[in-house]
Structures are given as C-alpha cells and as structure tokens.
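Reading the structure
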Amino acid sequence: MKYAITGLRSFLGWAFMEGLCGRALAGTVPSAAGHGSNIPQGLSVPEVDALLASCDRDTVTGRRDYAILVLVVRLGLRANEVASLTLTDVNWRAGDIVLRGKGRCEEKLPLPHDVGSALAEYLRPGRPDGAGDALFLRVRAPVGGLASAGGFRSDPGREQACRA
C-alpha cells in the first residue's frame, strides 16, 4: 500500500510539472496507516493498578519506584524527564512541577495530590549525605541521581561507561 501511495504521489507531481494538471495534487493523497506502527499501546487501568501495587512501599526502593511510576502514569513524563528532576523542580507551595526540555525550554505542570503524596512519602524518611539536588537517587553506591540515557538504571558502573 505504501508503494502504491508513493507511486501515485510521484505520478501526480510529474503530471503537474508536465502541465497535465492545473494544480499540484500530490499533497492531497493521504498517508497509509502502517501495520508495524511504532506507537506503543497503553496499559489498561487494571494493568496500571497492578503495576503500582507491585511496589513494596515499606522499602526506600519501593517508595522511590512508586513515586516514579505515579509521575509517569499521572503526568505522562518520559524516563529522561523523571531522571533529570531536581528537588527545586517541585514547588510544594504553588502545587506545580517544572520540567526541562530541549533548548532550555521549561514547562510547569500541576502537581496532583496523589503525585505530591507519593513524592512526599519517598522524600520524608530522609536523604543520604552527599545526595545532591537530584530528586530520585540510585539505591546502590555511589549515591546520586538516576541516569537519564537509556531509561532508568541502578548500575553505577554501567552509567560511568555510558558517560565516557
């Protein structure tokens, strides 16, 4: 189907250039829907509930993972956006969170109550010394923020190799 549509667009472009058509019609041919679309399917509500319930919120790791998942599910954040969040990006008084994108673009999103509660539950027990400004920390030493390249990782050796 894609080849037929490409051929039709080419023919219409040629016909316009040769003066056989009074108008350029190549742009009017719609695109074909791809079978192997790269758009991932979303999770169902029961799947999201099961994913959130799988976090053991009695542990630091479980509270961190739960807070990350709530940010992803409720605000639609990408892995690199979550990993790059800092403590100062969360404005508790104003009830918003700042995301930094490409080109120093900043976007403020409202901080829903359940997201704020999950973040507070994660942050409340205290942070290790030398943790820096990163909102989410690795569980294993050295203490520091999550890697943003390639998603979330807890393996500091692999992270160092990726930075080199």
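Conventions used here
Residues numbered from 1 in each chain as written. Predicted model: local features only at pLDDT ≥ 70, side-chain atom pairs only at ≥ 80, totals over all residues. Heavy atoms only, no water. Buried < 20%, exposed > 50% of the residue type's maximum accessible area, 1.4 Å probe, protein only. Helix = DSSP H or I, 4+ residues; strand = E, 2+ residues; numbered from the N terminus. Contact = heavy atoms within 4.5 Å. Patch = residues over 30% accessible without salt bridge, like charges linked within 9 Å, V, L, I, M, F, W, Y side chains within 5 Å. Areas by Shrake-Rupley, 256 points an atom, 1.4 Å probe, with all protein chains shown as cover. Salt bridge = Lys/Arg side-chain N within 4 Å of Asp/Glu carboxyl O. Pairing = 2+ DSSP bridges. Phe/Tyr/Trp six-rings, centres within 6.5 Å; stacked < 30°, edge-to-face > 60°. Lys NZ or Arg CZ within 6 Å of the ring centre and 35° of its normal. Axes fitted to C-alpha atoms, helices over the stretch in contact; angles between N-to-C directions. Parallel < 35°, antiparallel > 145°, perpendicular 65-115°, else oblique. Left-handed = near helix turned anticlockwise from the far one by under 90°. Core = buried A, V, L, I, M, F, W, Y, C linked by side-chain atoms within 4.5 Å. Polar contact = N/O pair within 3.5 Å; in protein donor to acceptor, adjacent residues only side chain to side chain.

If you check which residues of helix α5 (residues 113–123) are buried, you get Val-115, Gly-116, Ala-118, Leu-119, Ala-120, Tyr-122 and Leu-123. Structurally, α5 contributes buried residues whose contacts are with α3 (60–75) and β1 (90–91).

Together, Leu-8, Phe-11, Trp-14 and Leu-20 make up a nonpolar patch on the protein surface, roughly 440 Å² of accessible area in all. The exposure class assigned to Leu-8 is partly exposed, which follows from its relative accessible area of 41%.

Here we take up the pairing of strand β3 (residues 106–110). As paired strands, strand β2 (residues 96–100) and β3 are joined by five bridges and run antiparallel to one another. In the sheet register, Leu-99 faces β3, and the bridge partner there is Glu-107. Counted between consecutive antiparallel strands, the loop separating β2 from β3 contains five residues, among which Gly-103 sits at a positive phi close to 65°.

Another aspect to go through is the packing of aromatic side chains. The full count for this structure, using the stated rule, is two aromatic pairs. Taking NZ or CZ as reference, Arg-57 lies 3.8 Å from the ring centre of Tyr-66, over its face.

Moving on to the pattern of salt bridges. The tally for this structure, following the rule as stated, stands at six salt bridges. In this structure, a network of salt bridges that share partners links the residues Asp-89, Arg-100 and Glu-106.

On the basis of which strands lie adjacent, the open sheet formed by three strands has the order β1-β2-β3 and antiparallel pairing. Each edge of the open sheet is held by one strand with a lone partner, namely β1 and β3.

All right, on to the packing of α3 against α5 then. Two elements in contact, α3 and α5, have axes whose closest approach is 8 Å; the angle formed by their N-to-C orientations is 160°. Comparing their axes, α5 and α3 come out roughly antiparallel. For the crossing formed where α3 meets α5, the hand is left-handed. Within the contact between the two elements, α3 uses Val-60, Arg-63, Arg-64, Tyr-66, Ala-67, Val-70, Leu-71, Arg-74 and Leu-75 and α5 uses Asp-114, Val-115, Ala-118, Leu-119, Glu-121 and Tyr-122.

The subject of this paragraph is the nonpolar core. Residues Leu-71, Leu-77, Leu-85, Ile-97, Leu-119 and Phe-136 are the most contacted members of the largest nonpolar core, which totals 30 residues. Secondary-structure elements contributing two or more residues to this core are α2 (45–53), α3, α4 (79–83), β2 and α5. In terms of residue count, α3 provides more of this core than any other element does, seven residues in total. Excluding anything up to four places from it in sequence, Phe-136 contacts Arg-64, Ala-67, Ile-68, Leu-71, Val-82, Leu-85, Leu-119, Tyr-122, Gly-144, Gly-145 and Leu-146.

This part covers the side chain of Glu-81. With respect to the element layout, Glu-81 can be found in helix α4. Of note is the side chain of Glu-81, whose polar atom sits 2.7 Å from the backbone nitrogen of Arg-78. Discounting residues that sit within four places of it in the chain, Glu-81 has contacts with Gly-76 and Leu-99.

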